[in-house]
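# Coordinate analysis (summary)
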Amino acid sequence: MAAKSKDSKAAVTKAPARVDSTRALAALQRAMWGLVSQPLTAANRMKPRTRDGRSTAAAAAEIAKPNDRLTSFERLEIYNRMYWFRVLDSLYEDCPGLRAVLGDAKFMRMAEAYLQKYPSRSFTLRNLPSRLEKFLREEPKWTRPHTALCLDLVRFEWAQVEVYDGGAKPLFRVEDLAGINPAKVRLALQPYLQLLQLDYPVDDFLIAIKKREALLRGDASNAPTRVRTSKASKVPLPRREKCAVAVHRMDGRIYFKRLEPAACKVLLAIRAGKPLAQALAAGLPRAKSKQLEWAGKVQSWFCTWMQLGWFCRRE
Amino acid sequence: MPANPYNGFTDYGIGLGLRVPHYDHILSEKPTVDWFEIISETFMVDGGRPLEVLDRILAQYRVVQHGVSLYFGSADDPDRAHLKKLKALTKRTKTPWLSDHLCWGSVDGTYSHDLLPMPYTFAAAKRTAEKIRMVRDYLELPIAVENVSSYTEFHVSEMTEWEFLAEVVELADCGILLDVNNIYVSSKNHGFDPYDYVNNVPHHRVAQMHIAGHTKFEKYILDTHDHPVLDPVWKLYAHAIKLCGVTATLLEWDDKIPSFQEVHDEALKANQFITEAREAKIPAPKKTSRVRVR
């Protein structure tokens, strides 16, 4: 297994003069990575100084050969630019809601800071935003004065990633109840289903953002038919309003479904492995008279959840 | 040929990269395509649309897995969790061989998501070959390594790129995914003759070829995969199949992706060169033994 790096903002180490061992190979790769992973200048060029104040040109000259057209600095700069363009583009695509709140320029500054503190530890770019919520909790300066809204958005946008390609288990069927003591029934939820208790109605906000972006794009084509402009009206930021949302999928598409707070509590209790009776108790009022009132509602919840395939067989 | 141990003794023709904008067309129109190459990482997931699409493709087509994150050339050890996921996918696809790049891209567990060039040294070749063997033994599949396009060279290099490629594949006893476009791009960036490269790789180890388009800038060429294949690359491809035999060939088109038909038509241009090579009745390439450059 790969060792964990001690410092994500690794200092630019000196390149070895020879690569005659695996250790020297690792040293060369660390030295090059130190340069390639340094943030770019505002003009998208490689920085003239390394993190520890050395001349980047001198550090690059120790690693890369110049040729008749490019200096060592310029040759490594190609990789430096490609690295940042790739990871920033990926995060940009994954976070349309957060971008809409922060604005593109502030979002890019935040994204760069995030990727310096938490560079990718996964083989796939899919997981790039996985620690963004943690980062924003640690460094709320990037999201002020909309930190609570941004945290909801980050959780919501990450939930969509998880829903898109999360695992599914065999569907639960009513026949699976046969022979089970009703008092001890435990249900299980599909692993991909995401349940979120939010302070802001970010589901509606995100739908509005996506509609606006689709309008700006014109269609789903790769080739823009015109230069992107911001003429379409800006989507107003949502007001604080507690809500519960299930992010789920059907036929390969992602859907958001609002849940009544009580329904969300029941589902969260089921997810926590509580027996059905306890799960219901977690969400429903205790008074017997109220319970009767709620019976029809609970029945319709379960009917819908079964139809949406949210229950799976327990292992 | 090119059925050989490195492509699982298959004899595949012209394939296409399976890309998201073409999913609906392929699933609804079911075009005749000899095989699809998938990017393994796209499908190394637990469920959802990627696997649903893959299963429908697998029901109709032959699929070969191509990866972008094994990083055989990174000094780090292979990641066991990654390999476990990859192996599960190979069981699903029944890929006859698996390819990834002769490059590095991770350092101490941090990923660059890029295909970074190797220093061409004996120690680097030894370490790389050791990792290829580890992966092959774990996956129980033939492995083919792809030459990458590059934009820099290292002071520490002790040999040419094609000598390094030969050294690695001989030490690892694995196949080559010969990317003709990458050879062309690197030849322009580093000032070597691309024909020297093609002439000097162990031809009997070529399991598959890649062709693609690239973009010329003022001082270098970038491997962008967003254009049709350019004439010099077609010529180099024609030369390569004369030496290696008719080999499973795949067109890569990953950006500014046009319609499925346009991509397929571009790939099928390879038929012209394949026909010429077949008519010429070129004998299968002989096994070459490694000549150490040291």
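First, a word on what this report is: a plain description of the structure on this page. (Residues numbered from 1 in each chain as written. Chains lettered and ligands numbered in written order. Predicted model: local features only at pLDDT ≥ 70, side-chain atom pairs only at ≥ 80, totals over all residues. Heavy atoms only, no water.)

Scanning chain A from N- to C-terminus turns up 11 helices and five strands. Relative to the compact-globule value of 20 Å for 315 residues, chain A shows a C-alpha radius of gyration of 25 Å, a clear excess of over 25%. Here chain A, with 315 residues, has 45% of them falling under the buried criterion. A separation of at least 24 residues holds for 64% of the contacts in chain A among residues at least 6 apart in sequence. When the accessible area of chain A is evaluated, it comes to approximately 16700 Å², of which 54% is carbon and sulfur surface. In chain A, 57 side chains carry a positive charge and 31 a negative one; their mean positions are 3 Å apart. (Helix = DSSP H or I, 4+ residues; strand = E, 2+ residues; numbered from the N terminus. Rg over C-alpha atoms; globule rule 2.2 N^0.38 Å. Buried < 20%, exposed > 50% of the residue type's maximum accessible area, 1.4 Å probe, protein only. Contact = heavy atoms within 4.5 Å. Areas by Shrake-Rupley, 256 points an atom, 1.4 Å probe, with all protein chains shown as cover. Lys, Arg positive; Asp, Glu negative; His and termini not counted. Charge placed at Lys NZ, Arg CZ, Asp CG, Glu CD.)

Take the sheet that holds strand β3 (residues 243-250) of chain A next. Residues and elements named next belong to chain A. One open sheet accounts for three strands, arranged β2-β3-β4; its pairing is antiparallel. Only two strands of the sheet have a single partner each, and these edge strands are β2 (194-198) and β4 (253-259). The average undirected angle you get between the axes of adjacent strands in this sheet is 25°. Pairing between β3 and β4: seven bridges, direction antiparallel. If you follow A244 over to β4, its bridge partner there is L259. Against the sheet, helix α7 (residues 147-165) touches β2, β3 and β4, its axis set at about 170° to β2. (Pairing = 2+ DSSP bridges. Axes fitted to C-alpha atoms, helices over the stretch in contact; angles between N-to-C directions.)

So, on to the pairing of strand β3 (residues 63-66) of chain B. A two-sided burial pattern is seen for β3 of chain B, the buried positions comprising V63 and Q65 of chain B on one face and V64 and H66 of chain B on the other. For the crossover that starts at β3 of chain B, traverses helix α4 (residues 80-93) of chain B and ends in the parallel strand β4 (residues 98-101) of chain B, the hand is right-handed. (Right-handed = clockwise from strand over helix to strand, strands pointing away.)

On to helix α1 (residues 22-36) of chain A, then. Between its first and last C-alpha, α1 of chain A extends 21 Å over 15 residues, near the 21 Å set by a 1.5 Å rise per residue. The buried fraction of α1 of chain A is high, at 11 of 15 residues. Those residues of α1 of chain A hidden inside the fold are in contact with α2 (56-63) and α3 (72-94) of chain A together with β5 (104-107), β6 (110-116) and α5 (122-139) of chain B. (Expected span 1.5 Å × (residues − 1).)

What follows concerns the sheet that holds strand β2 (residues 35-39) of chain B. Residues and elements named next belong to chain B. One closed barrel holds the eight strands; their spatial order is β1-β2-β3-β4-β7-β8-β9-β12, and the pairing between them is parallel. Recorded for the sheet is a direction-independent mean angle of 30° between the axes of neighbouring strands. Bridging between strand β8 (residues 175-179) and strand β9 (residues 206-212) involves four bridges; their strand directions are parallel. The partner of I176 across the bridge, within β9, is V206.

This paragraph deals with the nonpolar core. L98, M110, W301 and W305 of chain A together with F36 and Y237 of chain B are the most contacted members of the largest nonpolar core, which totals 183 residues. Per element, the largest residue contribution to this core is 11 residues, and it comes from α3 of chain A. What Y237 of chain B contacts, discounting residues up to four positions off in sequence, is V180, M209, I211, T249, A270, F273 and I274 of chain B. In terms of nonpolar packing, the next biggest core, distinct from the first, is built from 10 residues, Y6, Y12, W97 and L177 of chain B among them. (Core = buried A, V, L, I, M, F, W, Y, C linked by side-chain atoms within 4.5 Å.)

On to a nonpolar patch on the surface, then. Together, V174, L177, I180 and M306 of chain A make up a nonpolar patch on the protein surface, roughly 310 Å² of accessible area in all. Turning to its location among the elements, V174 of chain A is positioned in the loop between α7 and β1 (188-189). (Patch = residues over 30% accessible without salt bridge, like charges linked within 9 Å, V, L, I, M, F, W, Y side chains within 5 Å. Salt bridge = Lys/Arg side-chain N within 4 Å of Asp/Glu carboxyl O.)

Now for the side chain of S112 of chain B. Tracing the sequence through the fold places S112 of chain B in strand β6. The class for S112 of chain B is buried, based on a relative accessible area of 1%. From its side chain, S112 of chain B meets the backbone oxygen of G105 of chain B in a polar contact 2.7 Å long. Only 3.1 Å separates the side chain of S112 of chain B from the backbone nitrogen of D114 of chain B, close enough to count as a polar contact. Sequence-distant contacts of S112 of chain B, that is, excluding residues within four places in its chain, are made with W33, Y83 and R86 of chain A together with Y71 and G105 of chain B. (Polar contact = N/O pair within 3.5 Å; in protein donor to acceptor, adjacent residues only side chain to side chain.)

On to the side chain of S40 of chain B, then. Residue and element names in this part refer to chain B. Tracing the backbone shows S40 in helix α2 (residues 40-43). Here Q65 takes part through its side chain, which lies 3.0 Å from a polar atom of the side chain of S40. Ignoring anything within four residues of it in the chain, the contact list for S40 reads Q65, H66, G67, L86 and L89.

Attention shifts here to helix α10 (residues 260-268) of chain B. Residue and element names in this part refer to chain B. Listed as buried for α10 are F260, V263, H264, E266 and A267. Buried residues in α10, looked at end-on, bunch into an arc of 160°, giving them a common side. Looking at the buried positions of α10, the neighbouring elements they touch are β1 (14-17), α1 (23-29), β2, α9 (231-244), β12 (249-252) and α11 (270-279). (Arc of directions from axis to C-beta.)

Each partner contributes residues to the interface: chain B has 57 residues there, and chain A has 53 residues. For the pair chain B and chain A, the summed buried surface comes to about 4600 Å²; carbon and sulfur atoms form 61% of the total. At the boundary of chain B with chain A, the tally comes to three salt bridges. At the level of elements, α3 (49-58), α4, β5, β6, α5 and α7 (180-190) of chain B are the ones that each hand at least two residues to the side of chain B that touches chain A. Ranked by the residues each element gives to the side of chain B that touches chain A, the list is headed by β6 of chain B, at seven residues. Tallied by class, residues from the side of chain B that touches chain A come to 22 nonpolar, 18 polar and 17 charged. (Buried area = accessible area lost by both parts, 1.4 Å probe. Nonpolar A, V, L, I, M, F, W, Y, C, P; charged D, E, K, R; others polar.)

Read these as spatial facts, not as claims about activity.
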